[in-house]
There are 2 protein chains.
Amino acid sequence: MVDAATEDAVDDAILRQFVGYHMRRAANILQADLARTLKEIDLRMITMSVLVVIVDNPGLRQSQLADALAIERPNLVSILDELEERDLVSRTRVPTDRRAYALTPTQAGEKLAAKALELTAEHEDRILSQINLEERAQLVALMQRIVDGA
Amino acid sequence: MVDAATEDAVDDAILRQFVGYHMRRAANILQADLARTLKEIDLRMITMSVLVVIVDNPGLRQSQLADALAIERPNLVSILDELEERDLVSRTRVPTDRRAYALTPTQAGEKLAAKALELTAEHEDRILSQINLEERAQLVALMQRIVDGA
DNA sequence: GTGATTAGGTATGGTACATATCAGTTCAGA
DNA sequence: TCTGAACTGATATGTACCATACCTAATCAC
């Protein structure tokens, strides 16, 4: 009998037949590097996403934001609390619907969002340096098909 | 001023420029479907991975397994406890090193691992039905390059 | 033989994410 | 117009996952 501990190298070959296994590993690498990159401006990935979408969609409501980013509403609250506390975003009552808040970025928020996009672009250029633009487009197109199929 | 809440559709267009955003969404979809699939045989993704690697590398030690799957040793303990409790895997002392355990699958473990691989393959065929084999190979090759570059 | 290292395990904490529920507000239909 | 359903944001809570620090027993290096 083959004894892995002594005769063979232990490996994950059996799992490498699956696309999902490779995708999870690649996604983990991207995520770890982006998290490290955004630490420089004291943002987490999720707070960065929220800030950037608010800057790109000023005046949107929390529920719209939650839908756009597929975040549960309760989890959005503390994220916005933090962004508001840091004067990057403001919650202002919507006159026509007193239940809702309109989310708008402050000037500091717009500035930090621009910096965050810049850092994220640099991060991707770094991590994806071995993959040219055409290949990146292929990659995105294939993943988009997975998302669309679901 | 454009008001997103009333005039425009709120979207995540600003984030779609990034490969990582698409990858994370695609990976989440794969993960959710696989988790649902494996529930049928009462395995989580991580326990399935551990079981399958043990079947493919009988006799390996816990630290080798942890290295192969990039799992921290403490987190492996409860996973193996569960697999042992369910009589899918056995921990047996290594005679030449009484600190170590050799991990071997039971017959039931081998059988369940085969079933798990079958279910996982079905899951991928389902989720990736819009992507042919050549494209899947491209996808894997590109993600492999990301992993190798890190 | 003594100190450093290793294997497995324990305890603990942080992060992310989901559900159930609530108060206040708005809306639709009787 | 009134009443019940639905919606908005918030709160409380639970779970899954992953990482660090530390412990013991055993082994290894010198």
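The coordinates are above.
Attention here is on the structure that accompanies the text. Counting from 1, residues in each chain are numbered in the order their sequence is written. Labels are handed out in written order, letters beginning with A for the chains and numbers beginning with 1 for the ligands. Selection of residues for local features in this predicted model requires a pLDDT of at least 70, selection of side-chain atom pairs for listing and counting requires 80 or more, and totals for whole chains, interfaces and linings are taken over all residues. For the side-chain quantities, the full set of heavy atoms in the structure was used; hydrogens and water were omitted.

1. Brief notes about the environment of Leu15(B)
Secondary structure is summarised from DSSP: a helix means a run of H or I of at least four residues, a strand means a run of E of at least two, and numbering begins at the N terminus for each. Mapping Leu15(B) onto the fold places it in the segment before α1 (19-39). Buried means the residue's accessible area, taken with a 1.4 Å probe over protein chains only, is under 20% of the maximum for its type, while exposed means over 50%, and partly exposed covers the values in between. Judged by relative accessible area, Leu15(B) falls into the buried class, the value being 2%. Separated by 84 residues in sequence, Leu15(B) and Arg99(B) place their C-alpha atoms 50 Å apart. Leaving out residues up to four positions away in the same chain, Leu15(B) has contacts with Met48(A), Ser49(A), Val52(A), Val53(A), Leu69(A) and Tyr21(B). In this description, contact between two residues means that some pair of their heavy atoms is separated by no more than 4.5 Å.

2. Quick word on the protein's contact with DNA strand C
Any residue with a heavy atom lying within 4 Å of a molecule or strand is counted as near it. Of all residues adjacent to DNA strand C, which total 17 residues, the nearest are Arg44(A), Arg98(A), Gln62(B), Ser63(B) and Arg99(B). The sugar-phosphate backbone supplies 67% of the atoms of DNA strand C found within 4 Å of the protein. At 3.0 Å from a phosphate oxygen of DNA strand C is found a side-chain nitrogen or oxygen belonging to Arg91(B). Take Tyr101(B): an N or O atom from its main chain is 3.3 Å from a phosphate oxygen of DNA strand C. Gly is placed with the polar residues, together with every amino acid not listed as nonpolar (Ala, Val, Leu, Ile, Met, Phe, Trp, Tyr, Cys and Pro) or charged (Asp, Glu, Lys and Arg). Here the surface near DNA strand C is built from residues that sort into five nonpolar, three polar and nine charged. For the purposes of these results, a polar contact is taken to be a pair of N or O atoms within 3.5 Å, where, inside protein, one atom must be able to donate a hydrogen and its partner to accept one; residues adjacent in sequence count only when each atom of the pair is a side-chain atom.

3. Some points on the interface of chain B and chain A
Listed per partner, the contact involves 61 residues of chain B and 61 residues of chain A. Values labelled buried area give the accessible surface lost by two parts on being combined, using a 1.4 Å probe and summing over both. Summed over both sides, the interface between chain B and chain A buries roughly 5,500 Å², with carbon and sulfur atoms accounting for 71% of that surface. Of all residues in chain B, the largest losses of buried area upon contact with chain A belong to Phe18(B), Val19(B) and Ile146(B), amounting jointly to 11% of the total for that side. Here a salt bridge means any side-chain nitrogen of Lys or Arg lying within 4 Å of a carboxyl oxygen belonging to Asp or Glu. Here chain B is connected to chain A by two salt bridges. Close ionic contact of Glu135(B) with Arg145(A) constitutes a salt bridge, the shortest N to O distance being 2.9 Å. Linking chain B to chain A there are 14 residue pairs in polar contact (both at pLDDT 80 or more). Residue assignment for the side of chain B that touches chain A shows that the elements contributing at least two residues are α1, α2 (45-56), β1 (60-61), α3 (62-69), α5 (107-127) and α6 (133-149) of chain B. Among the elements that make up the side of chain B that touches chain A, the one with the highest residue count is α1(B) (12 residues). Taken together, the residues of the side of chain B that touches chain A break down into 37 nonpolar, 12 polar and 12 charged.

4. Digging into α1(B)
Working rule for helices: expected span equals 1.5 Å times residues minus one. For α1(B), built from 21 residues, the straight-helix expectation of 30 Å at 1.5 Å per residue is met to within 8% by its first-to-last C-alpha distance of 30 Å. Listed in full, the buried residues belonging to α1(B) are Val19(B), Gly20(B), Tyr21(B), His22(B), Met23(B), Ala26(B), Ala27(B), Leu30(B), Asp33(B), Leu34(B), Thr37(B) and Leu38(B).

5. Considering the protein's contact with DNA strand D
As a matter of local geometry, DNA strand D sits amid 16 residues, with Gln62(A), Ser63(A), Pro74(A), Arg99(A) and Arg44(B) nearest to it. Restricting attention to atoms of DNA strand D within 4 Å of the protein, one finds that 65% of them are sugar or phosphate atoms. At 2.4 Å, a side-chain N or O of Arg44(B) approaches a phosphate oxygen of DNA strand D. Split by residue class, the surface near DNA strand D holds five nonpolar, three polar and eight charged.

6. Thoughts on the environment of Arg91(A)
Residue and element names in this part refer to chain A. Positionally, Arg91 belongs in strand β2 (residues 89-94). The sequence separation of Arg91 and Gly59 amounts to 32 residues, and the corresponding C-alpha distance is 9.1 Å. With sequence-adjacent residues up to four places away left out, Arg91 is seen in contact with Gln62, Val77, Leu80, Asp81, Glu84, Tyr101, Ala102 and Leu103. Within the structure, the side chain of Arg91 is placed 3.1 Å from the side chain of Glu84, a separation counted as a polar contact.

7. Some remarks on the sheet that holds strand β2 (residues 89-94) of chain B
All names here are of chain B. A pair of strands counts as paired when DSSP detects no fewer than two bridges linking them. One open sheet accounts for three strands, arranged β1-β3-β2; its pairing is antiparallel. In this open sheet, the two edge strands, each paired with only one partner strand, are β1 and β2. Strand direction decides the pairing type here: β1 and strand β3 (residues 97-105), joined by two bridges, are antiparallel. Following the sheet pairing, Arg61 is matched in β3 by Ala102.

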